[in-house]
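Residue-level structure breakdown
One letter stands for each residue in the lines below.
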Amino acid sequence: QLQLVESGGGSVQAGGSLRLSCAASVRTFSVYNMAWFRQAAGKEREFVAHINVIGLSTSYADSIKGRFTISRDNAKKTVYLQMNSLKPEDTAVYYCARYKDGNVYYTTSYDDWGQGTQVTVSS
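Residue positions are given per chain, counting from 1 as you read along its sequence in written order. pLDDT decides what is reported in this predicted model: residues at 70 or higher carry local features, side-chain atom pairs at 80 or more are listed and counted, and totals for whole chains, interfaces and linings draw on all residues regardless. To get the side-chain values, take all heavy atoms of the structure and skip hydrogens and water.

Note on terminology: disulfide describes a covalent bond linking the sulfur atoms of two cysteines. By definition, disulfides here are pairs of cysteine sulfur atoms that lie within 2.5 Å. For the structure shown, the criterion picks out one disulfide. C22 shares a disulfide with C96; S-S distance 1.9 Å. Its S-S torsion of about 50° marks the bond between C22 and C96 as right-handed, since a negative value means left-handed. Within this pair, whereas C22 is found in strand 3 (residues 18-24), its partner C96 is found in strand 9 (residues 92-99), the two being separated by 74 residues in sequence. With a relative accessible area of 0%, C96 lands in the buried category. Labels follow the DSSP assignment, with helices taken as runs of H or I lasting at least four residues and strands as runs of E lasting at least two, numbered in each case from the N terminus. Classification of residues uses two cut-offs on accessible area relative to the type maximum, computed with a 1.4 Å probe and protein chains only: under 20% is buried, over 50% is exposed, and between them is partly exposed.

Listed below in structure tokens is the structure:
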């Protein structure tokens, strides 16, 4: 039913910026909390950022606080991740996800995922 389509990934130099987008295919997008996760080569998928249904409450992983900003535009059915001051350790596949219930930091609290978009940061 719900389809999430991610875009905006690419290759950048350390210190650069990217903005990821996740577009939902259904009209009920505005009733879901959303989040971004990432998975680096050889590592498990980890939490990046979370946003509630109207964008008034956000949560961030300690590793990206002050550098990344999650936002959403419910009229466009899109959630964004603005990434500034990128570091090589940010290199990963980034996924958007629809929140279900439970601890927002855990992958098991989400019930729908996008296909992922690759972000590569060179030094």
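On we go.
On the secondary structure map, D90 appears in the loop between strand 8 (78-83) and strand 9. The class of D90 is buried, set by a relative accessible area of 1%. In terms of polar contacts, D90 uses its side chain to reach the side chain of R38, at 2.9 Å. Contacts are residue-level and defined by heavy atoms, with any inter-residue pair within 4.5 Å sufficient. Not counting residues up to four positions away in its chain, the partners in contact with D90 are R38, I64, R67, F68, S85, V119 and V121. Two N or O atoms count as a polar contact when they lie within 3.5 Å, although within protein this holds only if one can serve as hydrogen donor and the other as acceptor, and sequence-adjacent residues are included solely when both atoms are side-chain atoms.

What follows is about the side chain of H50. Turning to its location among the elements, H50 is positioned in strand 5 (residues 46-51). Exposure remark for H50: the relative accessible area of 7% places this residue in the buried category. Separated by 3.4 Å, the side chains of H50 and N33 make a polar contact. Contact partners of H50, with chain neighbours within four places excluded, come to N33, M34, A35, S57, T58, S59, I70, Y99, V104 and Y110.

With antiparallel pairing, four strands are arranged side by side in an open sheet as 1-3-8-7. At either margin of the open sheet sits one strand with a lone partner, and together these are strand 1 (4-7) and strand 7 (68-73). For this sheet, the mean angle separating the axes of adjacent strands, direction not counted, is 15°. In this analysis, strands are considered paired if DSSP registers two or more bridges between them. Sheet topology places strand 3 next to strand 8; six bridges connect them, and they run antiparallel. Each residue of the ladder has a partner; that of C22, found in strand 8, is V79. Every angle, taken between N-to-C directions, lies between 0 and 180 degrees, and every axis is a line fitted to C-alpha atoms, over only the stretch in contact when it is a helix.

Moving on: the packing of aromatic side chains. Paired rings are identified among Phe, Tyr and Trp, the last through its six-membered ring, by centres lying within 6.5 Å, and are further divided according to the angle between planes into stacked (under 30 degrees), edge-to-face (over 60) and tilted (the rest). For the structure on display, the rule yields six aromatic pairs. Ring geometry for F37 versus W113: centroids 5.1 Å apart, planes at 65°, classification edge-to-face. Highlighted residues: F37 in strand 4 (residues 34-39) and W113 in strand 10 (residues 110-113), separated in sequence by 76 residues. What makes W113 partly exposed here is its relative accessible area of 24%. Aromatic side chains F47 and Y105 sit 4.7 Å apart centroid to centroid with 70° between the ring planes, which places their arrangement in the edge-to-face category. Linking F47 in strand 5 with Y105 in the loop between strand 9 and strand 10, this pair joins segments that are 58 residues apart in sequence. Judged by its relative accessible area of 7%, F47 falls in the buried class. An aromatic cluster of at least three residues, connected via ring pairs, comprises F37, F47, Y99, Y105, Y110 and W113. Cation over ring: R45 sits above Y95, and NZ or CZ is 3.7 Å from the ring centre. Lysine and arginine charges are scored as sitting over a ring when NZ or CZ, respectively, is within 6 Å of the ring centre and within 35 degrees of the ring normal. The ring centre of Y32 lies 4.4 Å from the NZ or CZ of R98, which sits over that ring.

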